[in-house]
Amino acid sequence: MAILEIVTYPDKFLSQPTQPVENIDGKIQDLIENMAETMYMEPGIGLAAIQVGINKSLLVYDVSAKDEKRSLHVLINPRIISSEGSILSEGEGCLSVPDFRADVKRSAAILVEGVDRNEKPLRIEAEGFLAVVLQHEIDHLNGILFIDRISSLKRGMYKRKIQKNLRKK
Ligand code: NI
């Protein structure tokens, strides 16, 4: 197992749509293990393959509370089938958008279909926090970051901060 390097904004790699996983082979299983290890180490609650430089439609997440047993979920080639309602996801953050949080408007409930790491079909009815996490991660698979969903004013503030930091290096 290995800790993977996280691709961060403004790397354009993050803004491309990903390719479907066609074969859940040993390489994909290794990738899943490494992504899980990386997510737990950071720590994060979700991680999409594109965030570790792999342009595939695959994500891992674990929304269990800190005092609960770990519960790793793997979602491959997910699609949001339907969504309803709207909630404000407060202080959303992302491992690929370091040192920044913002409120994001999300659907309150979604229905997601995909397959797990054993190619078993999954149908997930999610609401609240889980719905937010899945929307955030599935956005990654479509080349969308949460800062693409906030006001251009707020996004501009973050962009300027990043550019300042890049100049300092
Ligand atoms: Ni993210």
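The following refers to the structure shown. (Residues numbered from 1 in each chain as written. Predicted model: local features only at pLDDT ≥ 70, side-chain atom pairs only at ≥ 80, totals over all residues. Heavy atoms only, no water.)

With respect to unusual backbone geometry
Move 1: A cis amide bond links Tyr-9 to the next residue, Pro-10, at an omega of 10°.
Move 2: Checked against the element boundaries, Pro-10 lands in the segment before α1 (26–41).
Move 3: Even without a glycine there, the phi angle at Asn-77 is positive, about 50°.
Move 4: Among the secondary structure elements, Asn-77 is positioned in strand β3 (residues 73–84).
Move 5: Exposure remark for Asn-77: the relative accessible area of 27% places this residue in the partly exposed category.
Move 6: Its identity as a non-glycine residue notwithstanding, Glu-119 has a phi of 65°, on the positive side.
Move 7: Structurally, Glu-119 is set in the loop between β6 (109–115) and β7 (121–127). (Helix = DSSP H or I, 4+ residues; strand = E, 2+ residues; numbered from the N terminus. Buried < 20%, exposed > 50% of the residue type's maximum accessible area, 1.4 Å probe, protein only.)

Regarding the coordination of the nickel ion
Move 1: Distances from the nickel ion to its protein donors, namely Cys-94 (SG), His-136 (NE2) and His-140 (NE2), fall within the range 2.1 to 2.2 Å.
Move 2: The sequence pattern describing where the donors of the nickel ion fall on their chain is C-x41-H-x3-H. Linking His-136 with His-140, this pair stays in helix α2 (residues 128–141), spanning 4 residues, or about one helical turn.
Move 3: Judged by relative accessible area, which is 1%, His-140 ranks as buried. (Donors = N, O, S within 2.8 Å, 3.2 Å for Na, K, Ca; no water.)

Points about the environment of Pro-98
Move 1: Within the element layout of this structure, Pro-98 appears in strand β5 (residues 97–106).
Move 2: The class of Pro-98 is partly exposed, set by a relative accessible area of 31%.
Move 3: Between the alpha carbons of Pro-98 and Ile-162 there is a distance of 9.3 Å; along the sequence they are 64 residues apart.
Move 4: Those residues in contact with Pro-98, other than ones at most four positions away along the chain, are Thr-8 and Tyr-158. (Contact = heavy atoms within 4.5 Å.)

Looking at the pattern of salt bridges
Move 1: Within this structure, the stated rule accounts for 6 salt bridges.
Move 2: Notably, a salt bridge pairs Arg-117 with Glu-33, separated by 2.9 Å at the nearest N-O pair. Of the two residues, Arg-117 is situated in the loop between β6 and β7 and Glu-33 in helix α1; the sequence distance between them amounts to 84 residues.
Move 3: In this structure, the salt-bridge partner of Arg-79 is Glu-113, at a minimum N-O distance of 3.9 Å. Of this pair, Arg-79 sits in strand β3 while Glu-113 sits in strand β6, placing them 34 residues apart in sequence.
Move 4: Arg-79 gets classed as exposed once you look at its relative accessible area, which sits at 51%.
Move 5: Classification of Glu-113 by relative accessible area gives partly exposed; the value is 25%.
Move 6: Look at the salt bridges and you will find they share partners, linking Glu-92, Arg-106, Asp-139 and Arg-149 into a network. (Salt bridge = Lys/Arg side-chain N within 4 Å of Asp/Glu carboxyl O.)

Remember, this is a structural readout, not a statement about activity or role.
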